[in-house]
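Geometric and topological summary
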Amino acid sequence: VSAFFRKLRWLTQRDRKEAELREELEFHLQEEAQQRQGPGLTEEDARRAARRDLGNLALVQEDTRATWGWTMLEQCGQDVHYALRTMVANRLFTTLVVLCLALGIGANSSVFTIVDALQFKKLSIQDPERLAMLRFDTGQRSQYNIPYESFERLAGGMAPFADAAATFLVERYNVVVDGAEDRTDPAEVRIALVSGNYFALLGVHALRGRAFTPEENRLGDPREVAVISQGYWKHRFGLSPDVIGRTLTVQNTTYTIVGVAPSEFRGDWIGRPADVWVPFAVAPRIMAEIPVAAGKFPTRILARLKPGVSLEQAQASTDVIYERFLTAQTAANAVSQATTQRLVLEEASTGYSPQRHTFEQPIRILIVVAGLVLLVVCTNVATMLLARSAARQREMSVRAALGAQPRRILRQLLIESLVLAAMGGMTGVLCALWGTAALTRALAAGPAGVRSDIVSQSFMSVRLDPQFDGRILAVSLAVTLVCGLLFGLVPALYASRRSLAAGLGVKGAPGAASRERFRATAALVMIQVALSLVLSVSAGLLLRSLRNLETQEVGFDRAHLLVVTTAPVQTGRIGAALPPFYERLRQKLAMIPGVAAISLTNGGILDGDDAGAPTETLPIAGQAPKPGILSRRFAVMPGFFNTVGLSLRAGRDFNEHDAMTAPKVAIINETMARFFFGADYPLGHRIGDEHMEIIGVVRDAKYGTPRDHRAIWYVPFSQNIRLMQLNWSLAIRTDGPPDGMVEEVRRVLREVDSTLPVINVTTVDQLLGDVLVQERLMTQLATWFGGFALLLAALGVYGVVSFAVTCRTNEIGIRMALGAQRRDVLSMVLNEGLLLVIAGIVIGLPATLGATRMISSTLFGVNAADPLTITGATLLMLAVAAFAAVLPAYRASRVDPMVALRCE
Amino acid sequence: MSPKTPSRVELLQGTLDLLILRTLLPGPMHGHAIAKHIQRTSENLLQVETGSLYPCAHRLEAKGWIAASWERSDKGKRAKYYRLTALGRKQLFAEQSKWEAFARAMGLILDPVGQENS
């Protein structure tokens with residue numbers, strides 16, 4: 001410690017120390033000179049001899065200073081200062097490098113921020129590590145929805161847990177603020193139904209007001225209270241301080257706001273933040289589409305482990321409890337299938353998010369693309385630094401001659417790179433702020449319909465709330481440092497190893513040194529070519545895949561169809577009230593001029609939901625269960641197939657005779673007919689638990705997504721009234737183009753019932769666009785970055801060929817003097833440049849094949865090793881490189897032999 | 001020109017510390033005098049390079065083994081005089097006995113007979 005303070009004191013007296021050192025050495029010189037002054041030696045000679053004896057004065061001072069401590073730091077400070085001066089002197093170079101780095105670092109920071117927000121960030125709750133989540137596991141499938149009843153019974157006997165809470169999230173529309181009709185919020189509001197102890201269990205305290213009490217959540221007798229998120233408070237109430245006690249009306253039930261949650265808490269579902277929380281017991285009123293008793297409502301269960309109990313111990317106790325629970329259950333109503341599943345505990349510190357699975361591929365693509373771009377940027381900057389170090393050779397030699405050791409020069413150059421990297425990093429963080437916001441926005445986009453559908457299993461959009469915190473800055477810093485070392489080390493090593501003579505020697509004489517440097521540059525350019533080939537091919541494949549998806553035959557008529565997504569159950573109509581409501585709606589809509597036909601299904605058209613039940617769970621009379629693909633059942637109105645443009649392949653459509661009391665009937669799609677019946681005639685077979693007779697086969701349609709290949713079977717609404725309580729997709733067939741009729745349709749819907757949530761009114765093309773929004777984003781990013789990499793590679797080729805031409809000006813001059821034609825010189829230089837590019841391509845091809853295999857599962861209708869795309873990208877690469885090489889090659893061919901030789 | 005030194009001995013790593021400390025034992029001295037004293041006392045076998053003398057002196061000062069003050073020299077000029085501190089004295093004796101042990105050990109190995117005879 002005392003040494004530190006001494007150093008500190010010396011630091012403050014640094015100037016005085018300097019002066020004293022100078023004086024001390026001066027005294028030494030005088031003393032030495034005086035002693036030497038003798039016979040035949042003038043004062044001047046003696047002085048000079050003394051000086052010679054002392055040696056390198058600057059070095060002595062330097063070495064002495066080193067003993068004071070702090071020199072390392074001081075020298076670094078000098079180096080940083082010097083680096084900044086050099087950078088200002090080379091503004092264009094600096095700007096170029098900083099921009100490239102900013103893009104590379106910014107891209108990586110943005111991607112990391114997104115990945116962090118989705119994947120790694122812990123919930124802002126008390127002790128997130130002690131939070132666990134329950135799910136059923138059948139071996140193949142996981143299921144987080146557990147009936148509320150089971151939750152209550154399980155929670156009662158949950159010894160390993162301090163407490164357990166239930167939650168379920170739904171989207172509702174037309175929430176009325178303060179009971180004023182004119183203050184209706186037509187947009188979606190995410191409402192989380194939670195058990196009374198939810199907030200207490202998580203340890204989340206209300207920002208204002210209070211959280212729920214368990215008494216407010218009695219099944220059958222709930223209190224109509226709500227806690228709102230800070231975001232919703234801001235958005236709907238303008239942060240008004242008197243928000244407590246005001247009301248929200250959802251589906252004719254009015255809830256009193258009792259609290260506001262803190263801003264950092266948006267529920268336990270990452271990617272689907274809650275706006276409003278209400279007691280779970282109000283479920284029958286909020287989720288009218290589920291026609292069951294309150295106890296049977298689905299929930300997700302969160303549990304807090306008792307202190308000192310590990311997840312494994314808790315799992316063991318849970319197994320015992322579940323065993324006991326099952327025995328009681330089986331005795332009561334003989335549920336057999338439940339025995340095949342396990343109740344599994346999982347760590348939930350990062351919350352719940354099915355989107356993690358949906359976004360696995362896109363995010364992997366993002367990470368790979370961003371990483372590749374950074375590598376390209378680093379190699380590019382290294383190339384530029386190498387080229388510049390050639391120009392700075394004299395400077396380095398002078399420094400070496402003045403006594404700078406190679407290590408010192410190496411350090412100075414590394415510090416210059418680090419300063420460059422730091423500037424790039426800072427600009428990159430700014431880029432990342434923008435990039436993160438843009439990515440967040442893009443990822444939140446997606447099909448509208450599926451978000452409000454509680455039976456849906458797919459999540460094509462994710463609403464993240466990325467925060468730029470210290471960890472992300474730390475990662476950006478680390479990336480920056482690694483970059484600085486990565487691109488700085490090779491050029492710095494080359495520069496610091498330079499021999500004195502080579503640098504101070506005659507200008508323009510290319511020694512072995514510059515040839516070596518040329519080789520290093522060429523190697524870097526080859527790497528750049530290889531990397532940008534990987535990116536270009538990937539981008540090309542994604543582009544082709546997207547094109548295939550967009551132009552894919554979806555089965556629905558694109559030119560004459562308008563699709564309305566709505567949730568009539570949210571108007572309070574259930575069961576028998578729905579068919580007449582549909583009839584009224586149909587009649588009103590049919591009166592709009594240009595409307596040819598109207599029909600209805602509960603299957604969201606291109607809504608991104610492609611989940612289903614495994615085919616083995618679907619009973620077909622007279623057949624053993626057949627596993628293989630997924631199946632899904634949708635209900636339709638008669639005439640649906642005609643309306644949307646799907647033709648029947650066999651049998652008949654539903655009609656008014658298929659009433660409730662008539663024999664149950666079903667229509668299957670071609671995929672299903674092929675899968676179950678092969679060459680057999682499918683009509684007349686019986687399907688499902690209710691032994692519905694198959695009366696028709698309809699053409700395949702791409703239902704949820706353009707990749708849909710499920711076995712879909714249709715039943716008539718008339719025999720399945722309850723299915724009308726799910727979200728509706730109204731199909732409106734138009735005579736002309738459907739785009740122009742959107743407003744009119746919306747007006748009619750409002751007229752029929754202003755409380756009807758209109759989730760979406762749109763065309764098939766638009767739906768397809770929405771469902772492909774993430775793929776388009778990935779493709780765009782890959783294309784932009786691929787183009788950027790290509791540009792950098794072209795710059796690299798240009799640089800290395802120019803360098804070669806400069807080094808060989810003499811040689812070219814001699815060749816021309818000996819009779820070489822301009823054409824010969826041009827093709828010689830060009831050939832050598834292209835040889836480099838071809839070498840890069842040869843290295844890049846295997847890397848490309850490896851990289852594209854990683855994205856093969858995202859590709860649609862195009863092989864990961866598609867020869868056309870690879871050839872195209874290769875040709876593009878060659879063309880761009882040839883263009884980049886032509887300029888310096890042309891300059892080489894213009895060399896005047898006289899001028900070139902006179903240089904010598 | 002200065003007379004040629006017959007043959008010089010390279011200083012062993014770390015021995016300069018000991019030499020400076022020993023030189024300062026009789027009393028304070030400035031840098032130049034230290035160098036000359038070492039050279040003279042060693043019969044010109046040891047030549048202290050200025051390039052290592054001053055860094056070494058400053059290092060010893062930083063360790064607190066010697067202290068410095070500005071005084072007038074014999075000729076009346078301002079010079080930086082170094083003197084041994086109590087800590088330096090202790091260090092000197094420790095180093096010295098260590099060195100003697102080392103020298104004896106070297107001698108035993110290099111010339112075992114001569115050592116036995118003496």
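Residues numbered from 1 in each chain as written. Chains lettered and ligands numbered in written order. Predicted model: local features only at pLDDT ≥ 70, side-chain atom pairs only at ≥ 80, totals over all residues. Heavy atoms only, no water.

As for the overall build of chain A
Defined as follows: Where helices and strands are cited, they refer to DSSP runs of H or I of at least four residues and of E of at least two residues respectively, numbered from the N terminus. Exposed residues in this analysis have more than 50% of their type's maximum accessible area, buried residues have under 20%, and partly exposed residues fall in between, with area computed by a 1.4 Å probe over protein chains only. By definition in these notes, contact holds between two residues if any of their heavy atoms fall within 4.5 Å.
Summing up its helical and strand segments, chain A has 28 helices and 27 strands in all. Counting only C-alpha atoms, chain A reaches 135 × 75 × 55 Å along its principal axes. Burial analysis of chain A (904 residues in total) assigns 54% to the buried set. Look at the contacts in chain A between residues 6 or more apart in sequence, and 81% of them connect residues 24 or more apart.

Description of the interface of chain B and chain A
As a reminder, the rule being used: For salt bridges, the criterion is a side-chain nitrogen of Lys or Arg within 4 Å of an Asp or Glu carboxyl oxygen. Polar contact is the term for a pair of N or O atoms within 3.5 Å; when the atoms are in protein, one must be able to donate a hydrogen and the other to accept it, and sequence-neighboring residues count only if both atoms are side-chain atoms. In this count, Pro and Cys sit with the nonpolar residues alongside Ala, Val, Leu, Ile, Met, Phe, Trp and Tyr, while Asp, Glu, Lys and Arg are called charged and the others, Gly among them, polar.
At the interface, 22 residues of chain B touch 24 residues of chain A. One can count 3 salt bridges joining chain B with chain A. With a shortest N-O distance of 3.8 Å, K80 of chain B and E24 of chain A are connected by a salt bridge. Applying the counting rule to chain B against chain A returns 7 residue pairs in polar contact (both at pLDDT 80 or more). For the side of chain B that touches chain A, the elements supplying multiple residues, two or more each, are α2 (31-41), α3 (50-63) and β3 (78-84) of chain B. Here the element with the most residues in the side of chain B that touches chain A is α3 of chain B; it accounts for 9 residues. Of the residues contributing to the side of chain B that touches chain A, the split by class is 7 nonpolar, 7 polar and 8 charged.

Regarding the packing of helix α1 (residues 15-23) of chain B against α3 of chain B
Residue and element names in this part refer to chain B. Where we set the bar: Angles run from 0 to 180 degrees between N-to-C directions of axes, and those axes are lines fitted to C-alpha atoms, restricted for helices to the stretch in contact. Every angle not falling under 35 degrees, over 145, or within 65 to 115 is termed oblique; those three ranges are roughly parallel, roughly antiparallel and roughly perpendicular.
For the pair α1 and α3, interaxial distance at closest approach is 10 Å and the crossing angle is 75 degrees. As the angle between them shows, α1 and α3 are arranged roughly perpendicular. Here L16, D17, I20 and L21 of α1 lie close against α3, whose contacting residues are S52, L53, C56, A57, R59, L60 and K63.

Notes on the packing of aromatic side chains
All names here are of chain A. Rules: In this analysis, rings of Phe, Tyr and Trp, with Trp reduced to its six-membered ring, are considered paired at centre separations within 6.5 Å, and the interplanar angle assigns stacked below 30 degrees, edge-to-face beyond 60, and tilted for intermediate values. Only Lys NZ and Arg CZ are tested; either one counts as a charge over a ring when it is within 6 Å of the ring centre and within 35 degrees of the ring normal.
In total, this model carries 19 aromatic pairs over all chains according to the counting rule given. Seen from their ring centres, F556 and Y703 are 5.5 Å apart, and the 85 degrees between their planes marks the pair as edge-to-face. With F556 in the loop between α18 (512-551) and β17 (561-566) and Y703 in the loop between β24 (692-698) and β25 (711-716), the pair connects residues that are 147 residues apart, well separated along the chain. For F556, a relative accessible area of 2% corresponds to the buried category. Ring centres 5.9 Å apart and planes at 85 degrees place the aromatic pair Y582 and W728 in the edge-to-face group. Taken together, the residues span a long stretch of sequence, with Y582 in helix α19 (residues 578-590) and W728 in strand β26 (residues 728-734) at a distance of 146 residues. Overall, the relative accessible area of 4% leaves Y582 in the buried class. Taken together, the aromatic side chains of F556, F634, F640, F641, Y703 and Y714 make up a single cluster linked through ring pairs. One cation-aromatic arrangement involves R573 over F581; the distance from NZ or CZ to the ring centre is 3.9 Å. Directly above the ring of W713 sits R633, whose terminal nitrogen or CZ lies 5.9 Å from the centroid.

Honestly, it's all geometry; don't read function into it.
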